[in-house]
Amino acid sequence: MSGLDRTDFAAAGLFAWLWGVMALSMRQVLGTHGLAMGSDPVLWGMSAKNIQVLAPSEVPPLYPAMMGLTEALSWLPLVDAGLLVGLVGFVLIGPAVYLGSRWLGAARGWAAVVTLGLFCVPQAMQFGFQMQPDSWTALALALSGPMLGWYYASPTVRRLGGVGLYAGLVCLLREHGLPLAGLLGLATMLAPGTWAQRASRPVFIALAVVVAPLLTGQSPGLPHQLPWMERVFQATSGSEKFHQAFGAKLDALHEAHRLAHETEDRLAILYHHSRTTLLEARVAWLWVVGGLLALPVLGRRSLGAVLPLPVAFTGLILFTQSRHVDVLAPAAAVALAVGLSRHRTPLRLLTGALLVTAVIMGGRRWPAVMGHGQLKAEHTSEEKSFAEELCARAAPTDLHAGENLDMLVYCPLRQSHLMPAASPADWHTWYIATSEPPMHQGWMPVVQVGRSKGRQTYYAYRLRPQLQGSARPCGDHVPVASTPWLAMDRVAAETEGTDCTASLGGQGQGQGQQGQGQLRSGGQGQGKAKANGKAKAKSMGTGPQSGAVQRPRR
């Protein structure tokens, strides 16, 4: 360990400034200002809304809780709050890597070189403008080494409590935290103490992980009891399914991966997960391997620098997207800086060669990453424009049904069920889809959003009264505030009161009226929907029913 001086803190401030400039510059170049970028922003954003109404979170809840708190305290829209939280976590990565590696004994030069080298991990550099927990996950993993070294320096009960709090919070960011917490529990046994003290430390860490969800208003529980661990269990069991609409567009590797899941061939699943992860995250894997090479020269007090790195190997089994390994690059950078400072010449040359290779490979990937980001931003801006137009028509108490489209983060609406004429809440529901829902279910077209050639077409449907322009039934029965904003499996929406029995078609057999509407999104096109439909009268009972909701991506 070495003390930190003013020069180190000045360098840390410089890295914070560089990280902020990087995030804001990329956002400006790609045109992502105010856009919810990431693999599935609606999943994280609507989970923040779930936490606000004390509904179970379908994802690790710390980032959504931070997002919801920022939204409440700043009066920012949901997307802006999520982007601000992600940006803060990203800006802290550079200083954390530099100061953490310096505190663990890395030379100032190597700490600076390795920290700057992270700019050549293009996927990780996108964390600063995405509505995802990846920036905070990367930051938390990078702090593992300094946290464990801090405990080894003085293994008191108070510091053990700090390690337990850290382990619990990491588990609330992403699934990566769970194996890291287990390794931390084992590592605390190496600190001085009696046998009873050493044996009790992993138990304390495990207890901290179990009760940690209480910090975000969620119920505590063992890993298999937590709702956000269900996706992990699906991946290991082979029950996770790919979206059917993407099947024909996937390349041969992803198609084989999808088929492996459909046939539940576990060996094939393992093979395709591993192959995809190694190919798509090869730059991050070079960082991880280089960091692991530091293990022979790490002392007990700096052992925590490599503790997060074995977590990357869970990606070979569970995940196929690059970001699940990219989040480990900052943690690997800490270990790399320490290793390069202590290695003898042969091992230093090998580690340096890995670092140079990773930098070159990462730099070559920047054009492709930027091109993909620009296409994603263009598509996302269209979704935002459509959502803003839709929100101008929807009441704050309205609901949505249908597909969980990313546009909902710009126009947050609680979820309804998918069975029309089952509850008074149906008259508050917008059905949003990219294809026409079955007309016999009672949905009448209200809005069709046409796109220019090659673009997506969106549809919005509502249950319509028999006579066009008449008052909507059950208008006084507002959906209850506890209705979840997002439900992964089944959900039902209720309204206050139980005396509303409006029907779709009036007396007996009703003739649906012709409805038409249009919305323009981003100047890309417009469309009209016209339909004549017949709806058999259904008495809308007071008890809700549930319908399956498509599971979003993670």
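Residues numbered from 1 in each chain as written. Predicted model: local features only at pLDDT ≥ 70, side-chain atom pairs only at ≥ 80, totals over all residues. Heavy atoms only, no water.

1. Considering the overall build of the protein chain
Helices and strands together make up the secondary structure of the protein chain, namely 19 helices and nine strands. Among the 554 residues that make up the protein chain, the fraction classed as buried is 55%. Pairs at least 24 apart in sequence give 73% of the contacts found in the protein chain among residues at least 6 apart. Accessible surface, the protein chain as shown: approximately 23300 Å² in total, 61% of it carbon and sulfur. (Helix = DSSP H or I, 4+ residues; strand = E, 2+ residues; numbered from the N terminus. Buried < 20%, exposed > 50% of the residue type's maximum accessible area, 1.4 Å probe, protein only. Contact = heavy atoms within 4.5 Å. Areas by Shrake-Rupley, 256 points an atom, 1.4 Å probe, with all protein chains shown as cover.)

2. Here we look at the nonpolar core
Core analysis: the biggest nonpolar cluster contains 125 residues, and Leu118, Met125, Met131 and Trp287 have the highest contact counts within it. Excluding residues within four positions of it along the chain, leucine 118 makes contact with Trp19, Val97, Met125, Trp287, Ala329, Pro330 and Ala333. Core analysis: the next-biggest nonpolar cluster, separate from the first, contains five residues, Ala401, Tyr431, Ala433 and Tyr461 among them. (Core = buried A, V, L, I, M, F, W, Y, C linked by side-chain atoms within 4.5 Å.)

3. Comments concerning the pattern of salt bridges
Inspection of every chain in the model, using the stated rule, returns five salt bridges. A salt bridge links arginine 102 to aspartate 8; the shortest N-O distance between them is 2.9 Å. Residue arginine 102 is found in helix H4 (residues 78–103), and its partner aspartate 8 is found in helix H1 (residues 6–30); the two are separated by 94 residues along the sequence. With its nearest N and O atoms 3.1 Å apart, the salt bridge here joins aspartate 8 to arginine 108. You can see aspartate 8 sitting in helix H1 and its partner arginine 108 sitting in helix H5 (residues 108–117), a full 100 residues away along the chain. Residues joined in a network through salt bridges with shared partners are Asp5, Asp8, Arg102 and Arg108. (Salt bridge = Lys/Arg side-chain N within 4 Å of Asp/Glu carboxyl O.)

4. A short note on the layout of surface pockets
In this structure, the second largest pocket encloses a volume near 230 Å³. Lining of the second largest pocket is provided by 20 residues; of these, Cys171, Leu178, Ala181, Val209 and Pro223 occupy positions nearest its centre. Put simply, the parts of the chain that give the lining of the second largest pocket at least two residues each are helix H10 (177–188) and helix H11 (195–211). Counted by class, the lining of the second largest pocket contains 15 nonpolar, three polar and two charged residues. (1 Å grid on protein atoms, 1.4 Å probe; cavity = no way out; pocket = protein on both sides within 12 Å on 5 of 7 lines; lining within 4 Å. Points joined across faces, edges and corners; volume = space filled by probe spheres on them. Nonpolar A, V, L, I, M, F, W, Y, C, P; charged D, E, K, R; others polar.)

5. Topic: the environment of valine 210
Examined against the element boundaries, valine 210 turns out to sit in helix H11. When neighbours within four sequence positions are excluded, valine 210 is seen to be in contact with Pro220, Gly221 and Leu222.

6. Quick look at the state of the cysteines
Scanning the entire structure with this criterion turns up one disulfide. A sulfur-sulfur separation of 2.3 Å characterises the disulfide bridge that pairs cysteine 391 with cysteine 411. Where cysteine 391 bonds to cysteine 411 through sulfur, the torsion about that S-S bond is close to 90°, and the disulfide is right-handed. Of the two residues, cysteine 391 is situated in helix H19 (residues 345–393) and cysteine 411 in the loop between strand E1 (399–402) and strand E2 (414–415); the sequence distance between them amounts to 20 residues. (Disulfide = S-S within 2.5 Å.)

7. Re the pairing of E1
Where burial is concerned, the two faces of E1 agree: the one with Leu399 and Ala401 and the one with His400 and Gly402 are both buried. Where E1 and E2 come together, two bridges link them in parallel fashion. When the sheet's bridge partners are listed, histidine 400 is paired in E2 with glutamine 415. Pairing geometry for E1 and strand E3 (residues 429–433), over four bridges, is parallel. Counterpart to histidine 400 in the pairing with E3 is tryptophan 430. (Pairing = 2+ DSSP bridges.)

8. Describing the packing of H4 against helix H18 (residues 329–342)
One can describe the packing of H4 onto H18 by two numbers: an axis separation of 9 Å at closest approach and a directional angle of 30°. Judged by the inter-axis angle, H4 sits roughly parallel to H18. Relative to H18, the crossing made by H4 is right-handed. Residue-level contacts link Ile93, Val97, Gly100 and Ser101 of H4 to Pro330, Ala333, Val334, Ala337 and Val338 of H18. The residue makeup of the contact of H4 with H18, split by class, is seven nonpolar, two polar and no charged. (Axes fitted to C-alpha atoms, helices over the stretch in contact; angles between N-to-C directions. Parallel < 35°, antiparallel > 145°, perpendicular 65-115°, else oblique. Left-handed = near helix turned anticlockwise from the far one by under 90°.)

9. Digging into H10
For an α-helix, 3.6 residues make a turn, and residues three or four places apart therefore share a direction. If you check H10, its first and last C-alpha atoms are 16 Å apart, about what 12 residues at 1.5 Å a residue would give, namely 16 Å. If you check which residues of H10 are buried, you get Gly177, Leu180, Ala181, Leu184, Gly185, Ala187 and Thr188. The buried side chains of H10 occupy one side of the element, clustering within an arc of 165° when seen end-on. Elements in contact with the buried residues of H10: helix H7 (134–142), helix H8 (144–153), helix H9 (157–171) and H11. (Expected span 1.5 Å × (residues − 1). Arc of directions from axis to C-beta.)

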